[in-house]
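Survey of secondary and tertiary structure
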Amino acid sequence: MESSSTYEQDHVHAVYDVVAQDFSRTRHTKWPFVHRFVSSLPTGSVVLDAGCGNGKYLSSASILTPRKVDKDAGAWPVGKEPRALEATLGAVDGKGKGKGKGKEFTIERVEEDEGPGRLLSVGLDMCFPLLQIAAGRGHQVVRGDCFDLTCWRKGSFDHAISIATIHHFATDRRRMEAVKQLIQVVTPSSPSASTSSPPLPSKVLICVWALEQDPSLVGVGSARRGKKGAVRAVGIPVEGEVAVDVAEVNDGDEDEQDVFVPWELQGPKVAKPVAQRPVKKPYVRKPAPSTDVSETAAAPAPSTNEVAPPPPPPPSDLPPAPPSDSPTPETVTAAPKPTFNRYYHLFRNGELTSLVQLATVELGGVFVPTAQTGGSDSGDWGLEVSLEGGEERWERENWVVEINVRWRRA
């Protein structure tokens, strides 16, 4: 059986590399709850968007006001994509060449409805073509895997989001590790014993696809199952599984959680030809009828001795003539559109919370459903991870957790 990383490469990364331009055209509207979360973060925060795609959320309250581009157009001039992206990305492998030169790297400032920017957001994704689009819009992006954020020191970011990304990891172990990496990258070093007050809490917003559907959308417009033709995924690796409490999150429901969701490639939009109006012929005045008597008299009189044409032959009883050798034109049918299957793990209620709890334990911290108040003034500092509101919430066919990360004296 292939490894988990190979499985994800074949059924996630390779698919997005092919459908990136098509996919990006459908990812232009921000989910309100994500935009509200990012916009509510303190001024001056450095925010990581792990799994940023085309950078849809990188512009929320950003000090790097992006230029407006046609969402159907490419981000770079033809033939310059790899060089342009390599020059502007902070590459994880250290191959970046610094700032680029030329007009294609200029960021045009435009006015936004939400007012002046307050945050610096950095995007991370594995899909090179989607990063091209994000970088072309003036965003700071890095190519890397959300499973491994060790390209940054612990606590490099103040806050983080991961929207519709962790459900692409093939095993519980890898999904838990992705959650752990997010917590780690926003956790600063432990305060010293003499520190009287800890750093401000960090926040992490995680959103994954839910197995549970909105009853109002079932069979009508559900983006998860049935309507979109999702089928059971096969060949899923089982290496390195973690002990998720299945009894707690399963509830006896046997609905399939690991599925392939198809993406039908639409291709680039082609502008319809503009119908041209018929050209009118110039008006020419007809000459007036002649009144010359001589011309009228010269016209020959119609003959009365002409023979009438013969009547048409009666209908024949002979069989019809045999068909000619020329081929009959065939009906041309449109070629089927290419379809690619993307792997998804659909989360049950409580499953994402279990992964947060397991990740906290592996980091040596303490998980509490709700943030505690008070505490000792002289005890040792300890890592505390809690959930905003005490539990995960359901947002229109997605399970969402808002995690609070802070140091607290025991």
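Quick note: structure is the one above.
The paragraphs below set out a description of the structure included in this document. (Residues numbered from 1 in each chain as written. Predicted model: local features only at pLDDT ≥ 70, side-chain atom pairs only at ≥ 80, totals over all residues. Heavy atoms only, no water.)

1. Focus: the overall build of the protein
Within the protein one finds eight helices and 12 strands. Per-residue burial over the protein gives 39% buried out of 410 residues. Across the protein, the fraction of contacts at a sequence separation of at least 24, relative to all contacts at a separation of at least 6, is 81%. For the protein, the exposed surface amounts to about 24,300 Å²; the carbon and sulfur share of it is 56%. (Helix = DSSP H or I, 4+ residues; strand = E, 2+ residues; numbered from the N terminus. Buried < 20%, exposed > 50% of the residue type's maximum accessible area, 1.4 Å probe, protein only. Contact = heavy atoms within 4.5 Å. Areas by Shrake-Rupley, 256 points an atom, 1.4 Å probe, with all protein chains shown as cover.)

2. Regarding the nonpolar core
A general tendency of soluble globular proteins is for nonpolar side chains to be buried together. Of all hydrophobic cores here, the largest spans 37 residues; its most connected members are Ile166, Ile206 and Ile403. When contributions to this core are tallied by element, the ones reaching two or more residues are β1 (46-50), β2 (120-125), α5 (172-185), β5 (202-209), α8 (351-362), β10 (381-387) and β12 (398-409). Considering each element in turn, this core owes the most residues, six residues, to α5. In this structure, Ile166 is in contact with Arg175, Ala178, Val179, Leu182, Ile206, Val208 and Phe347, ignoring residues within four places of it in sequence. (Core = buried A, V, L, I, M, F, W, Y, C linked by side-chain atoms within 4.5 Å.)

3. Some points on empty space enclosed by the protein
According to the stated counting rule, one finds one cavity of 30 Å³ or more in the structure shown. The computed volume of the largest cavity comes to approximately 30 Å³. Lining the largest cavity, in full, are Val38, Val47, Leu48, Asp49, Tyr57, Leu58, Ser121 and Ile161. Tallying contributions element by element places β1 first for the lining of the largest cavity, with three residues. When grouped by side-chain class, the residues that make up the lining of the largest cavity number six nonpolar, one polar and one charged. (1 Å grid on protein atoms, 1.4 Å probe; cavity = no way out; pocket = protein on both sides within 12 Å on 5 of 7 lines; lining within 4 Å. Points joined across faces, edges and corners; volume = space filled by probe spheres on them. Nonpolar A, V, L, I, M, F, W, Y, C, P; charged D, E, K, R; others polar.)

4. Examining α8
For α8, built from 12 residues, the straight-helix expectation of 16 Å at 1.5 Å per residue is met to within 8% by its first-to-last C-alpha distance of 17 Å. Buried within α8 are the following residues: Glu351, Leu352, Thr353, Ser354, Leu355, Val356, Ala359 and Thr360. Of the residues flanking the end of α8, it is Gly364, one or two places downstream, whose phi is positive at about 80 degrees. (Expected span 1.5 Å × (residues − 1).)

5. Looking at the pattern of salt bridges
For the structure on display, the rule yields 13 salt bridges. The salt bridge involving Glu8 is made with Arg174; its shortest N-O contact spans 2.7 Å. With Glu8 in helix α1 (residues 4-24) and Arg174 in helix α5, this pair connects stretches of sequence that are 166 residues apart. Two residues, Arg406 and Glu384, come together in a salt bridge whose shortest N-O distance is 2.9 Å. Placement of Arg406 in strand β12 and of Glu384 in strand β10 is noted, with a sequence separation of 22 residues between them. Salt bridges sharing partners connect three or more residues here, namely Lys203, Glu388, Arg393, Glu395 and Glu402. (Salt bridge = Lys/Arg side-chain N within 4 Å of Asp/Glu carboxyl O.)

6. Observations concerning the side chain of Arg174
Given a relative accessible area of 9%, Arg174 falls into the buried group. Excluding residues that lie within four positions of it along the chain, Arg174 makes contacts with Ser4, Ser5, Glu8, Asp145, Phe147 and Phe169.

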